[in-house]
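An overview of the molecular structure
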Amino acid sequence: MKFNMKIIFLDIDGVLNSQELAEQLCNKGIKCHGDDGVYNFLDENIIDDLSKFCEKKEINIVITSSWRHFYFDDTIKDFTKYKYKKLHPLIPYIIGQTPRLYKEKENGGSEQLCRGDEIQYYIDTFNIKNYVILDDDSDMLDKQKSHFIQIDTKKGLKKEDFEKINDILKL
């Protein structure tokens, strides 16, 4: 990886789609939730804006979303198919994904660590210095707060969020 690489750690649900768009689609009779209750749509306008922003600012993306698979190649393959095909404009900027990390529970079994831990593992592994985290959830580590933009899940990624990205990445 390049030394001064700029990275966006990207969640998908609540960032690249929104409750507002879900309501519009549902009102038109379009099913916008899968059987698991998770959104099954993406906002092409948000994706287009993010793609153009990444191109202009030379920013790379690391996927943190639950939409990622165990293997990065499988994630990218999925992003070229069916409902995920709308993610295609972002593929040139996606360079990786955070791992799913687990810890053993005292009484047996395991539990997944928080997203902040997974992001920190990636940051430490690849010595990432200049990054921003886009997520609608807030399970980040305290030391990541100055790099974190909590996206309003009702609206998804908006123009004013791009200004915050500029500030954090010092663009």
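Report follows, based on the coordinates.

Okay, the sheet that holds strand β1 (residues 6–10) next. In spatial order, the strands read β3-β2-β1-β6-β7; together these five strands make up an open sheet with parallel pairing. Both outer strands of the open sheet, β3 (94–97) and β7 (148–150), are each paired with one neighbouring strand and no more. For this sheet the average axis-to-axis angle between neighbouring strands, irrespective of direction, equals 25 degrees. When strand β2 (residues 59–63) meets β3, the two strands line up parallel, connected through three bridges. Of the residues in β3, the one forming a bridge with Ile61 is Ile94. Packed onto the sheet, helix α5 (residues 159–169) meets β1, β2, β6 (130–135) and β7 and runs at close to 150 degrees relative to β6.

Ranked by internal contacts, the top residues of the largest apolar core, which has 30 residues, are Leu10, Leu16, Leu50 and Leu134. Every element with two or more residues in this core is listed here: β1, α2 (44–57), β2, β6 and α5. Take this core: its biggest share by element is five residues, from α2. Leave out the neighbours within four places in its chain, and Leu134 touches Ile8, Phe9, Leu10, Asp11, Val15, Ile149, Ile151, Leu157 and Ile165.

A few words now on the pattern of salt bridges. In this structure the tally under the stated criterion is six salt bridges. Glu20 is the salt-bridge partner of Lys155, the closest N and O atoms lying 3.1 Å from each other. With Lys155 in the loop between β7 and α5 and Glu20 in helix α1 (residues 19–27), this residue pair connects regions lying 135 residues apart in the sequence. The class of Lys155 is partly exposed, set by a relative accessible area of 35%. Residue Arg115 is joined to Asp135 by a salt bridge in which the shortest nitrogen-to-oxygen separation is 2.8 Å. One end of the pair, Arg115, is in helix α4 (residues 115–126); the other, Asp135, is in strand β6, and 20 residues separate them in sequence. Note on accessibility: Arg115 and Asp135 belong to one class, buried. Residues joined by salt bridges that share partners form a network here, namely Asp11, Arg115 and Asp135.

Reading the values: rules and limits
- Residues numbered from 1 in each chain as written.
- Predicted model: local features only at pLDDT ≥ 70, side-chain atom pairs only at ≥ 80, totals over all residues.
- Heavy atoms only, no water.
- Pairing = 2+ DSSP bridges.
- Helix = DSSP H or I, 4+ residues; strand = E, 2+ residues; numbered from the N terminus.
- Axes fitted to C-alpha atoms, helices over the stretch in contact; angles between N-to-C directions.
- Contact = heavy atoms within 4.5 Å.
- Core = buried A, V, L, I, M, F, W, Y, C linked by side-chain atoms within 4.5 Å.
- Buried < 20%, exposed > 50% of the residue type's maximum accessible area, 1.4 Å probe, protein only.
- Salt bridge = Lys/Arg side-chain N within 4 Å of Asp/Glu carboxyl O.

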